[in-house]
Amino acid sequence: MVRIIIQRTARPDAADPQVPPIGQPWTDADAQRRSGQRYAEPQGYPRPLPGPYPPPPAPRPPRAPRAPGGWRPRLLPRIPWWARWGAVILIAGLIFRRAVAWAVLTALAAALHLFGVNVHLPHISFGWPWQSISAGTTTNVVVGPLVLQKIEGISSPALGTENFNFVFTHTVSKNIGPWPCWYSGTFYAVGRASATVDLNPGPSWWQPATGHYELRVLRKAVPGSPGRLAISMALPLPQLPQSVHDISVDNTLSKPISTSHSWTYPGFGCGVLIQPQFSQSVLYAQAQTVAFYQATHLATVTRPLIAAAETEATAMIRNNFIQPTVNALGYTLTEFSIRWVAT
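The present account deals with the structure reproduced in this document. As the structure is a prediction and not an experimental result, all values here were calculated from the model.

Some thoughts on the sheet that holds strand β5 (residues 248–261)
- The sheet built from 3 strands is open, its strands ordered β1-β2-β5 with antiparallel pairing. Strands at the two margins of the open sheet, each flanked by one partner only, are β1 (158–173) and β5. Neighbour to neighbour, the strand axes of the sheet diverge by 20 degrees on average, direction disregarded.
- In terms of strand pairing, strand β2 (residues 182–196) meets β5 through 9 bridges, oriented antiparallel. Paired with Tyr-188 across the two strands is Lys-255, which belongs to β5.

Shown next as C-alpha cells:
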C-alpha cells in the first residue's frame, strides 16, 4: 500500500503587507521583513549608487531673439579661380603695357613678314615701368631737315595720283594723185597723273626766321608720363606734272568711239598709206600729249590732283617721320598741320 503525501505551501496573500505588489521591485526592507536577513537584489533591479551625487546641469541661457522677416546677413560670394587669374593678368598687363605692346607688335611683324605681307605697323620701343621718360626740350628746335631726311633719298616723291578720262580724235590724210584718201577716228581714253611734293626744300627753308617749322610743348614730359607736342610746318605747293612723260594712259580702258573715212580708203593704195598712222604707239603718244595738257591746265583735273597730293603728303609726314621721332623723345604728337606756300 502506497501513501502519497502532498504538502502544500501557503501562498502569500495579495493583501499581505510583507510582500510587495506584483510588478514592483523588492527592496531591502521587504526582504528583511520577510526573512529577517539581508536580501540580495536580483539582476534587472539596479540599486542607486551611494552618494555624493554630481550637481545637476546648469540651466541654458535664454536664446537671443531672431531677426524679423527672415533677414540674414549676406556673405561675400566666392570668386572663381578664372576671375582671380584674369584680374592678376589684367593688372600685370596694365603695369607692363609698354613691354606687352612691344612684344605683340614684334610677333605680329614677324608673322606678317613670314607670310610676305608688307604692312606699316606703329613703332613702340621696349621699356619697363620703372624706366623714366626723359624730359624733352621746351624750345622751338629745327628738326625738320633731320626728320624729313629719313625718306631714304626720295626728297620729291610723286603723290596724289588721280585718274581722269578724256576724248581725242586722230585724223590722217594721204591723197594719191587725184584720189582723196583720209581716215578719222575718235577714241575714249583714261589718263593717270601725280603731283610732285618737295618734302625737303633744303636747310635754308627750315631757318627759324622763316617760320616754316614751329614746335610747341603743350605739356612737359615727366617720369612715367609722356609729354604733348604741337607741330606746324610749311612746305612748297605740290607741283603739277612737269613733262609729258609724267603722264600715263591706261590702254585697257581706252576704246574707239566713232570713225569716218573717204570713199577711196578701202582701196589698196589708201590702206597701205593710212593704216600705219593708226598704230598703238602713235595713238598712245597723242593720248599722252592730250592728257598732259589737261593735267596742267584743266581746273577739273588740277584741283583734285593738288588736293590729293596735299592730303597724302600730310599723312605720310606725320605717321612716318614726325610721330616716330617725337615718340622716341618721350612725347606724343597731339596737333599737326602743314601750310602750303607758293614759291
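A short note on the sheet that holds strand β3 (residues 213–219)
- Across the sheet, which stays open at both edges, the 3 strands sit in the order β3-β4-β6 with mixed pairing between neighbours. Because the sheet does not close on itself, it has two edges, and the strands there are β3 and β6 (331–341). Sheet twist, expressed as the mean angle between neighbouring strand axes with direction ignored, is 15 degrees.
- Note that β3 and strand β4 (residues 227–236) share 6 bridges and pair antiparallel. Within β4, the position partnered with Glu-214 by the bridge is Ser-232.
- In the packing of helix α7 (residues 299–328) onto the sheet, the strands contacted are β3, β4 and β6, and the crossing angle to β6 comes to about 145 degrees.

Thresholds applied
For every chain, the first residue of the written sequence is number 1, and numbering continues from 1 along that sequence. The predicted nature of this model means local features are confined to residues of pLDDT at least 70 and side-chain atom pairs, given and counted, to a pLDDT of 80 or more, with totals for whole chains, interfaces and linings taken over all residues. Note that the side-chain values use all heavy atoms of the structure and ignore hydrogens as well as water. Two strands are counted as paired when DSSP detects at least two bridges linking them. Each helix is a run of DSSP H or I of at least 4 residues and each strand a run of E of at least 2, with the numbering of both proceeding from the N terminus. Each axis is a line fitted through C-alpha atoms, and for a helix only the stretch in contact is used; angles between axes span 0 to 180 degrees, taken between their N-to-C directions. Any two residues having at least one pair of non-hydrogen atoms within 4.5 Å are treated as being in contact.

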